[in-house]
Amino acid sequence: MQSPDSPRKVTVAVIPGDGIGAEVMEPALGILEEIGPRHGLEFAWQHHGWSCEHYTRTGRMMPADGIDQLAGADQILLGAVGFPGVPDHVSLWGLLIPIRRAFRQYVNLRPVRLLPGIECPLRLREGEDIDFVVVRENNEGEYSEVGGRVYRGTEDEIAVQESVFTRRGVTRVARYALDLASSRRGSLASATKSNGIVHTMPFWDEVVHEVAAGYPGVEVADYHIDALAAQFVRDPGRFDVVVASNLFGDILTDLGAAMVGSIGIAPSGNLNPEKEHPSMFEPVHGSAPDIAGRGVANPLGMIWTASMMLDHLGHPEAGAELLSAVTATLTSGVRTPDLGGSASTGEVAEAVLEHLRDAAQQDDAGPAGR
Ligand SMILES: NC(=O)c1ccc[n+]([C@@H]2O[C@H](COP(=O)([O-])OP(=O)(O)OC[C@H]3O[C@@H](n4cnc5c(N)ncnc54)[C@H](O)[C@@H]3O)[C@@H](O)[C@H]2O)c1
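Calculation rules
- Here the residue numbering is sequential within each chain, running from 1 through the sequence in written order.
- Since the coordinates come from a predicted model, pLDDT governs what is reported: local features require at least 70, and pairs of side-chain atoms require 80 or more to be given and counted, while whole-chain, interface and lining totals use all residues.
- UniProt positions are given in the numbering used here, feature names are shortened, and annotations may be inferred rather than shown by experiment.
- Secondary structure elements follow DSSP: runs of H or I of four or more residues count as helices, runs of E of two or more count as strands, with numbering from the N terminus.
- C-alpha atoms define the radius of gyration in this analysis, and the globule rule sets the expected value at 2.2 Å times the number of residues to the power 0.38.
- Residue burial is a threshold on neighbouring C-beta atoms within 10 Å of the residue's own C-beta, all placed from the backbone, with 20 or more meaning buried, 12 or fewer meaning exposed, and counts in between meaning partly exposed.
- The domain boundaries here were taken from an automatic or database domain assignment.
- The contact criterion used here is simple: two residues whose C-beta atoms, placed from the backbone, lie within 7 Å are in contact.
- Polarity classes work like this: nonpolar for Ala, Val, Leu, Ile, Met, Phe, Trp, Tyr, Cys and Pro, charged for Asp, Glu, Lys and Arg, and polar for all others, with Gly in that last group.
- We call two strands paired when DSSP finds no fewer than two bridges between them.
- Structural elements are reduced to axes, namely lines fitted to C-alpha atoms, with helices fitted over the stretch in contact, and the angle between N-to-C directions of any two is expressed from 0 to 180 degrees.
- Roughly parallel means an angle under 35 degrees; roughly antiparallel means over 145; roughly perpendicular covers 65 to 115; every other angle is labelled oblique.
- Every helix has an expected span of 1.5 Å times one less than the residues it contains.
- Think of it this way: take the backbone, place a C-beta atom on it, and check whether that atom is within 6 Å of the molecule or strand, in which case the residue is near it.
- The term nonpolar core refers to a set of buried Ala, Val, Leu, Ile, Met, Phe, Trp, Tyr and Cys residues connected through C-beta atoms within 7 Å.

An unreviewed UniProt entry annotates the chain as D-malate dehydrogenase (decarboxylating) of Ornithinimicrobium avium. As recorded by UniProt, the Sequence similarities (unreviewed entry) comment attached to the chain reads in full: "Belongs to the isocitrate and isopropylmalate dehydrogenases family."

Next comes the structure, spelled out in structure tokens:
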């Protein structure tokens, strides 16, 4: 519905990045420009060419004041970074991790949902569905800078990498996951490995259960990460919300994306739940150098990610409308090769736009027009 008020201006910092990151960003922006005005939103894009290519020219993934430049935006949209020849830890630690940490994006939200029209690679039981959300801790845990290497290049070489788990960090991510479970089917699975990792993981379990005591309506179960991975495959319908540390959540969500068809459709949001800082929305996939430049990247992960940004902006009806257009596109059979189709990135994006326009026309025509 058209808002009678003047549109809300939303400034979005746009970082297309490398490879297919840039290829899927452009159609997603076009789609947001189509849907925004119908929901009272006017987007202003703030483009940043920060990428591995930028790194090879300047020695930095982003300028020294990059975080300050982003701080003025309401939200951040990121395609993907990574390019052969630039070590992956450079792109991760030079761009993504500083943004996630500076803006306290401590929740990485990754829905795992089997959309209509997608063939599930798993054999599901009659009536079984896959629809759960992984809440990955995004600011600490196994991804830490604490550690080092000594006696480099000798037989005595040692590498030490510390994990960092704080009471504050585990409490806030557990609280987010429990709130989410309360608003869904009331079930939380917590990923642990307290049998093998004897300090941090028992601490994780303790804090999760302390917080859970305040949520009597949510059933909490701990799973060792190895068993949890097996249960994802054997019994995916049982999961509602899964909370996991940084590394465990990262691994589980690639598995989750594969379970529901393709990493090309998996969305994610790096959230600052308090909305004190911009959040960053990026698809789960990377820059896919193997298919970059061929125009066949699936744009639906980026588009679903844009729908999560609409939700976070406080416009869930716009987010739902966009996701419906994604679903309609999939059921109509317009698909990129990763989903067994032959459509190009542009053709899939155009199909989403057409479904949005059709839905808008029906809406404008009112009940008689439906
Ligand atoms: N958030 C990020 O920016 C991010 C995330 C993961 C990987 N990376 C980087 O991306 C580069 C490639 O990594 P990778 O190969 O491990 O992961 P990837 O996600 O880029 O690709 C894995 C496989 O999935 C396919 N794929 C991915 N996205 C697709 C899409 N939208 N449509 C169709 N097929 C798709 C690729 O062709 C490839 O075969 C590396 O440099 C890595 O560091 C970046």
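Mind showing me how you'd approach the overall build of the chain here?
Scanning the chain from terminus to terminus reveals 11 helices and 12 strands. Here the C-alpha atoms of the chain give a radius of gyration of 21 Å, agreeing with the 21 Å that 2.2 N^0.38 yields for 370 residues. Taking the principal axes of the C-alpha coordinates as reference, the chain spans close to 70 × 55 × 40 Å. Here the chain holds 370 residues, and 44% of them are scored as buried.

Which parts of the structure should I look at to understand the domain arrangement of the chain?
Often, the extent of an interface is quoted as the loss of accessible area upon association of its parts. Each domain of the chain was delimited in the assignment, giving domain 1 (1-111 + 264-370) and domain 2 (120-260). Taken together, the contacts link 15 residues of domain 1 with 17 residues of domain 2. Only helix H4 (88-102) and strand E4 (107-113) provide two or more residues apiece to the side of domain 1 that touches domain 2. When residues in the side of domain 1 that touches domain 2 are grouped by element, the largest group, five residues, is from E4. Across the side of domain 1 that touches domain 2, the residue classes tally to eight nonpolar, three polar and four charged.

Please explain the pairing of strand E5 (residues 131-137) as it appears in this structure.
The side chains of a regular strand alternate between the sheet's two faces. Extensive coverage of E5 is indicated by the burial of six of its seven residues. Here E4 runs beside E5; their pairing, made up of seven bridges, is antiparallel. Within E5, the residue paired with arginine 113 across the bridge is aspartate 131.

What am I meant to see in the packing of helix H1 (residues 20-35) against helix H11 (residues 345-365) here?
The angle between the axes and the distance between the axes are what describe a pair of packed helices. Close contact between H1 and H11 brings their axes to 10 Å; oriented N to C, the two are set at 10 degrees. In terms of their interaxial angle, H1 and H11 are classed as roughly parallel. Counting all contacts with H1, which are made through Glu23, Val24, Pro27, Gly30, Ile31, Glu34 and Ile35, the residues of H11 involved are Thr345, Gly346, Ala349, Val352, Leu353 and Leu356. In terms of residue class, the contact of H1 with H11 is built from eight nonpolar, three polar and two charged.

What exactly am I supposed to notice about helix H9 (residues 300-312) here?
Turn by turn, an α-helix covers 3.6 residues, leaving residues three or four places apart pointing in a common direction. Between the first and last C-alpha of H9 there are 18 Å, a value that for 13 residues agrees with the 18 Å anticipated at 1.5 Å per step. The element H9 is largely enclosed, with a buried count of 12 among its 13 residues. Close packing links the buried residues of H9 with H1, strand E3 (75-80), strand E11 (269-271), strand E12 (279-281), helix H10 (316-332) and H11.

When you look at the site of the ligand in this model, what are you seeing that I'm missing?
Close contacts around the ligand come from 22 residues, with Gly82, Gly264, His285, Gly286 and Asn298 the closest. Top contributing element to the shell around the ligand by residue count: H4, with three residues. The residue inventory of the shell around the ligand, partitioned by class, reads nine nonpolar, nine polar and four charged.

It is not clear to me how the environment of serine 344 should be interpreted in this structure. Could you clarify?
Residue position: serine 344 is located in the loop between H10 and H11. Judged by C-beta crowding, with 18 C-beta atoms within 10 Å, serine 344 ranks as partly exposed. Sequence separation between serine 344 and glycine 295 is 49 residues; the distance between their C-alpha atoms is 5.8 Å. When sequence neighbours within four positions are dropped, the list of residues in contact with serine 344 reads Gly295 and Val296.

I'm lost on the sheet that holds strand E10 (residues 241-244) in this one. Help?
Remark on secondary structure: sheet strands pair via backbone hydrogen bonds, oriented parallel or antiparallel. Pairing in this open sheet of 10 strands is mixed, and the strands run E2-E1-E3-E12-E11-E4-E5-E10-E8-E9 from one edge to the other. Edge positions in the open sheet fall to strand E2 (41-47) and strand E9 (219-224), since each of these has one partner strand only. For this sheet the average axis-to-axis angle between neighbouring strands, irrespective of direction, equals 25 degrees. Here strand E8 (residues 187-192) pairs with E9 via six bridges, running parallel.

In this structure, what is going on with the nonpolar core? I would like to understand it.
Where a protein is soluble and globular, its nonpolar side chains tend to be buried together. Residues Val135, Ala177, Val242, Val243, Ile303 and Ala306 are the most contacted members of the largest nonpolar core, which totals 99 residues. If one sorts the elements of this core by residue count, H9 sits on top with eight residues. The residue makeup of this core includes at least three contributed by each of domain 1 (1-111 + 264-370) and domain 2 (120-260). Apart from the residues lying within four places of it in its own chain, the contact partners of alanine 177 are Val135, Leu188, Val241 and Val243.

When you look at unusual backbone geometry in this model, what are you seeing that I'm missing?
Most peptide bonds take the trans form, and the phi angle of most residues other than glycine is negative. Look at arginine 104: it is not a glycine, yet its phi comes out positive at around 50 degrees. Position of arginine 104 relative to the elements: it lies in the loop between H4 and E4. On the basis of neighbour count, arginine 104 is assigned to the partly exposed category, with 18 C-beta atoms found within 10 Å.

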